[in-house]
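Structure at a glance
Here's the letter readout for the chains.
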Amino acid sequence: MVTFTLNGRQVEAEEGSTILQVAESHNIKIPTLCNHKALEPAGLCRLCTVELFDGRRTRFVTSCNYPVRKGIEVKTDSEEVIRHRKMIVELLLARCPNNDFVKNLAAEFGIEAPRFKLGDDHCILCGLCVRVCERMGIRAIDFSGRGTETEVATPFKVFTDACATCGACEFLCPTGYIKVSDITRKEVRPILSEFDEGLAGRKPIYVPYAQAIPNIPAIDRSVCSHFINKGCKICADICPAGAIDHTQQDEEVEIEVGAVVLATGFKSFDPSQYDTYNYAHHPNVVTSMEFERILSAGGPFGGHLMRPSDHKEPRKIAWLQCVGSRAINPCDKGYCSSVCCMYAIKEAVIAREHSKEPLDCAIFFMDMRTHGKEFDQYYNRAREGGVRFVRCRVHSIDPMVESEGLQLRYVTEDGRVETEEFDMVVLSVGLQTPPDVADLAEKMGIELDHYKFARTGSFAPVSTSSPGIYVCGALQGPKDIPFSVMEASAAAGAAASGLARARHSLVKEKTFPEERDVSAEPLRIGVFVCNCGINIGAVVRVPEVADYAKTLPNVVYVQENLFSCSQDAIEQLIGVIKQQDLNRVVVASCSPRTHEPLFQETLRSSGLNKYLFEQANIRDQCSWVHSNDPDAATEKAKDLVRMAVSRASLIEPLPMPSVSVTPAALVVGGGVAGMVCALTMAQQGFKAHIVEEKERLGGQALKLNKTWKGESIPEYLSKLIDEVTGHENIEVHLNAKLKEVSGFIGNFKTTIALNGTGEVRELEHGVVVLATGAHSIKPDEYLYGKNDRVFRWHELDEAWESDLVKNAGSAVFIQCVGSREPERPHCSKICCTFSVQKAVELKKRNPDIDVYILYRDMRTYGEREDLYREARALGVIFIRYDLENKPVVTETEGGALKVTVTDPILGRPITLEPDFITLATAIYTRGAEELASLFKVPLSQDNFFLEVHMKLRPVDFAVDGVFVCGMAHFPKPIEESIAQAQAAAARAATILAQKRIDVEGVVSTVDQALCRGCGKCVEVCPYGAPELIELREGVKVSQIREAMCKGCGACAVACPTGAAAIRHFTDTQVLTMVEAALGG
Amino acid sequence: MSGEYEPKIIAFCCNWCAYAGADLAGVSRFQYPPNIRIVRVMCTGRINPNFILKAFQLGADGVLVSG
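Below: a short report on this structure. Everything quoted here is computed from the prediction, not taken from an experiment. (Residues numbered from 1 in each chain as written. Chains lettered and ligands numbered in written order. Predicted model: local features only at pLDDT ≥ 70, side-chain atom pairs only at ≥ 80, totals over all residues.)

Attention now goes to the overall build of chain A. Within chain A one finds 29 helices and 49 strands. Along the three orthogonal principal directions, the C-alpha set of chain A runs to about 125 × 85 × 55 Å. Relative to its full complement of 1080 residues, chain A shows a buried share of 43%. Long-range contacts, defined as pairs at least 24 residues apart, comprise 66% of the intrachain contacts of chain A with a sequence gap of at least 6. (Helix = DSSP H or I, 4+ residues; strand = E, 2+ residues; numbered from the N terminus. Buried ≥ 20, exposed ≤ 12 C-beta atoms within 10 Å, placed from the backbone. Contact = placed C-beta atoms within 7 Å.)

What follows is the structure, encoded as structure tokens:
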């Protein structure tokens, strides 16, 4: 270390550092034009001149390349220094009188007009471009000429091919003089961000996207200057952690596995081949994926709604559906992509929310396929909110000549041809498997179907044709997030079933030293202040904060860290805690939401209870949000450290309780979902109880004949029932009803009563799966129940071989009977496919039969679209009707049926005389309320069970240990029920596979001496954690079941006597922070 | 009131939403005045009305409960 005087203050600096570097670290600003941290200092501009006294004489030196020496005295802002700098700037202004950068610089120095002869240059000869070009390993430019003739130029001052168009010179040039286009004729191509769909650029070293795991930068070798020209490596110099290693090589890693899950996802359809849509030629025709990025706060426009061509906010946007879906001629994508209708509505709704001015959104569609849970309600809200829905497939998009808008010509439902101009058009592109999927399939030996999705059967929806290889997500077929997430769990469940014997065999358990008892120790707080590289240190003066921390009560040790979370810092922290006998630790760094678990584990590794840790958030909530005010940020950081230390003085070690797990499951419902779920768990070695209220297993599937792919359901069902009843781990309770439920995750007790016998059984289990299924309504319209030729959908299957059906000359199907109506707004999802499948079967059996399907939107989603196409090819007639104009069914005196419906193409009513009618009646749940209240789980508006998160946790409830699958969750076809059942089993197995479950220590507690048993805590707790117990006769007190407590503390607030409290957040522990915040 | 009046604000933030929101403001590099001091709680259900009164008593000029 070297000690010297800087502006009258004694400072210490590392040997070899320059005056400029030391001054900067002390927040002393020295102006410079030619210095850059990536380059060797050159002392070219001389603006960084300082006054230096070395004990003998005073000199003026350039601070950027003058190393500090012991005893020197440096003045950075003496009068003489400032006079020097002014002269330099005046000369620069004379050289470049018309350059904005130089003019601004001169203004800063108070120079208006130079006294010297004016030139007309724009280059200040700082040499940044020349030096960086050399650093990049290229040397396409250099100084040429001498004296006043000096200039930056290429060899012979002609265009050069040596230039790699990296753009570093242009990027560093302060005056905007140097241009790549003056150096080379090569085309400059920006590196487009894959994540931003090419709407923004990215660097060769980049974090692929904000949620990337691991969230660290990667180097794209194909564009990195180092890998192309051997130069640069600036990133390695600048990285304070020294984490960048350019010598790393790709490694081939061999892993032994027992199962493989393929989850390679989808690639969105490229609409460039639709030439009539002008996607390739017009910037304001974008894909839906591009539009997602435009709407994203982290996207290319920062979440501001604007169109690409001129960054103007659009007033009118059109969405065109089914681009690359439901189209055979242009692109051979005959299937429906399932997700585009819903995402288009979502984009329209969000775009309207983002837009400052009223925004006109129009969605051009063929059938609105919002068949998911609560999707139709969303569609209705969008329509009521003003999003326009136009039923028309638009043929072409014409660019406007006089504006940057686009013109659409379309036909309205009543046959008028309209021409409308939009500011931008979004193409709702479909989902397809990535181009290398065929390669993957060949390598893995799995079959693909004709649309290149992995071939799976309805009864094993996540199993590929190759045993042990499973598939989930869009590789299996086009699907949305909830179903992808669900299938992911299903694939895990299927894989785990086959690997049950190997469970835990590769687990390495982490052990911690025994916990130190700190109860008798005086407080010894250690404070660690993090720089987070430059994230904190560049704004907050970390040394000052660390010095301040030393003055706080009970603080015995303070340390600054570059990265507190790096592995070496963590190891060092463990050592310091032991050496210094610390018994409370405060880390002032980032957010406890991201890093508290890491530091808590560190405490455990050093023998401390993990709750003796406290974190001060001086990055996310300080340096990052006050980056333009270092003084205030530093003061705030001190306050935050003071608050954390005061809280640390009061926090106590907490027990880390765990509860045992009964390795058994209760499955409520013995339909396909319930049975598959029980079987999946049983195959993994867990016991499963199936409780079914009917006298036999099978549920609704007993009434069904074939899947839409043609597989026999009765055959599958009888095999499944045999397997379930024959499995040693499964106990089936028929004719049984749930009476009472108590307990919590890992430890449930359920009483069931057997109908008629009076027998009662008590079951102990660690998890619950609700698979109670659903029913179809019995409608009171369309003569149902009055005329025996009017069937409900499954009744057709039952009457399939009857003479009436066999010999019929005409059949009518009516869709949406009781579904998508004001009193039952949800779509029942399975009926469109069912009716189309039956129509095809009827036509195939008797080609002369006339089959009519009266529908509102044909929702044969996914590859089921093939069936719809086949039906039309076979001559099935589809007639669309509206809710306002429903078909009317009448009968003649002889019982013959008549159906009158308005044909939307003819525009007039037509009458059909079918031999029988099949009604696609709505699916609803029965008795769900009762179960919901037993298990304290919620129901959706449509009375289906409501999972904790519709997208990301599709089979879990907020109540731990309780899961849902099958039609009780929402109407769905058999293959989706099976997948969901496997998913619920996999989720349940994550609990059953543990002997004990750790329970969070931050839970409520009741001081029973203070409790008067008023039950207020029981009332307010959303999780049912407190219960009143009888302490002795007539004396009730509250008790917290810790495994159910989520630590919200509502009971502590509601408690009138102060008996209920929340650990780790007691009144004093919270208020001490308030006091510390205000008392500084 | 002088022009230099700088209020002292105490914010009680729920760990799961508002506190996460404050972190997100940081990640998004939003800039806001440095007058606010955030106290993290696990749920705003934990905020006893007394906390708010206590904060005013200790000299807070404003209290924000967010969750």
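That shown, we press on.
When helices and strands are tallied, chain B shows two helices and three strands. From first element to last, N terminus to C terminus, chain B shows the α and β order β-α-β-α-β. With respect to the three principal axes, the spread of C-alpha positions in chain B is 35 × 30 × 10 Å. Across the 67 residues of chain B, 37% fall into the buried class. In chain B, once contacts between residues fewer than 6 apart in sequence are set aside, the share between residues at least 24 apart is 78%.

Our next topic: the sheet that holds strand 30 (residues 736–744) of chain A. Residues and elements named next belong to chain A. A sheet is described by the order of its strands in space; here three strands give the open sequence 30-31-32, paired in antiparallel fashion. Looking at strand neighbours, the two that pair on one side only are strand 30 and strand 32 (760–765), the edges of this open sheet. This sheet shows a mean twist of 20° between the axes of neighbouring strands, independent of strand direction. Bridge count between strand 30 and strand 31 (residues 747–754): eight bridges; the pairing is antiparallel. Bridge pairing links Glu740 to Thr751 in strand 31. (Pairing = 2+ DSSP bridges. Axes fitted to C-alpha atoms, helices over the stretch in contact; angles between N-to-C directions.)

Residue and element names in this part refer to chain A. Here Ile213 and Pro214 are connected by a cis peptide whose omega angle stands at -5°. Assignment of secondary structure puts Pro214 in the loop between strand 8 (205–206) and strand 9 (218–219). Even without being glycine, Arg326 reaches a positive phi, approximately 50°. Its location among the elements puts Arg326 in the loop between strand 13 (316–323) and helix 10 (340–354).

Here we come to the packing of helix 29 (residues 1067–1078) of chain A against helix 2 (residues 49–57) of chain B. Two elements in contact, helix 29 of chain A and helix 2 of chain B, have axes separated by 10 Å at closest approach and are oriented at 25°. Of the possible angle classes, the one that applies to helix 29 of chain A and helix 2 of chain B is roughly parallel. The two elements helix 29 of chain A and helix 2 of chain B cross, and the hand of that crossing is right-handed. In this structure, helix 29 of chain A uses Val1070, Leu1071 and Val1074 of chain A to contact helix 2 of chain B, whose residues at the interface are Phe51, Lys54 and Ala55 of chain B. Looking at the contact of helix 29 of chain A with helix 2 of chain B residue by residue, the classes come out as five nonpolar, no polar and one charged. (Parallel < 35°, antiparallel > 145°, perpendicular 65-115°, else oblique. Left-handed = near helix turned anticlockwise from the far one by under 90°. Nonpolar A, V, L, I, M, F, W, Y, C, P; charged D, E, K, R; others polar.)

Bringing the interface of chain B and chain A into the picture now. Interface size is often expressed as the accessible area that is lost when the parts come together. The interface is formed by 31 residues belonging to chain B together with 34 residues belonging to chain A. Looking at the side of chain B that touches chain A, the elements with two or more residues in it are helix 1 (18–27), strand 2 (36–41) and helix 2 of chain B. Here the side of chain B that touches chain A takes seven residues from helix 1 of chain B, the largest share from any one element. In the side of chain B that touches chain A, the residues fall into 19 nonpolar, six polar and six charged.

Let us look at the pairing of strand 18 (residues 417–422) of chain A. All names here are of chain A. Of the pairings in the sheet, the one linking strand 17 (residues 406–411) to strand 18 comprises six bridges and is antiparallel in character. Residue pairing in the sheet places Leu408 in a bridge with Glu420 of strand 18. From the end of strand 17 to the start of strand 18, which pair antiparallel, there are five residues, and Gly415 there has a positive phi angle of about 95°.

Attention now moves to the environment of Asn65 of chain A. All names here are of chain A. Here Asn65 shows up in the loop between strand 4 (58–62) and strand 5 (73–75). For the pair Asn65 and Phe269, spaced 204 residues apart in the sequence, the C-alpha separation amounts to 56 Å. Setting aside its immediate chain neighbours within four residues, Asn65 contacts Thr18, Pro41, Ala42 and Gly43.

Turning our eyes to something else, we now look at the nonpolar core. Residues and elements named next belong to chain A. Of all hydrophobic cores here, the largest spans 176 residues; its most connected members are Cys677, Ala678, Met681, Val769, Ile917, Cys965 and Ala984. With 11 residues, the top contributor of residues to this core is helix 26 (residues 974–992). In contact with Ala984, not counting residues within four places along its chain, are Cys677, Val769, Val955, Phe963, Val964 and Cys965. One finds Cys530, Cys1045, Cys1048 and Ala1052 within the second-largest nonpolar core, a separate group that totals 86 residues. (Core = buried A, V, L, I, M, F, W, Y, C linked by C-beta atoms within 7 Å.)

Residues and elements named next belong to chain A. Taken together, the four bridges between strand 39 (residues 888–891) and strand 40 (residues 897–903) define a ladder with antiparallel strand orientation. Bridge assignment links Glu891 to a residue of strand 40, and that residue is Leu897. Counting the residues that bridge the hairpin from strand 39 to strand 40 gives five residues, and of these Gly895 lies at a positive phi of roughly 90°. For strand 40 and strand 41 (residues 908–912), the ladder comprises five bridges, and the chain directions are antiparallel. Bridge pairing in strand 41 links Thr902 to Pro909. The turn joining strand 40 and strand 41, which pair antiparallel and follow one another in sequence, is formed by four residues; a positive phi near 75° is taken by Gly907.

For the rest of this paragraph, the subject is the sheet that holds strand 22 (residues 525–530) of chain A. Within a sheet, adjacent strands bond to each other through the backbone by hydrogen bonds, running parallel or antiparallel. All names here are of chain A. Spatially, 23-22-24-25 is the arrangement adopted by the four strands of the open sheet, whose pairing is parallel. Only two strands of the sheet have a single partner each, and these edge strands are strand 23 (555–561) and strand 25 (613–617). Taken pair by pair, the neighbouring strands of this sheet meet at an average axis angle of 15°, ignoring direction. As defined by bridge partners, strand 24 (residues 584–589) adjoins strand 25 across five bridges and the pair is classed as parallel. In the strand pairing of strand 25, Val587 is matched with Gln615. In the packing of helix 16 (residues 592–605) onto the sheet, the strands contacted are strand 24 and strand 25, and the crossing angle to strand 25 comes to about 150°.

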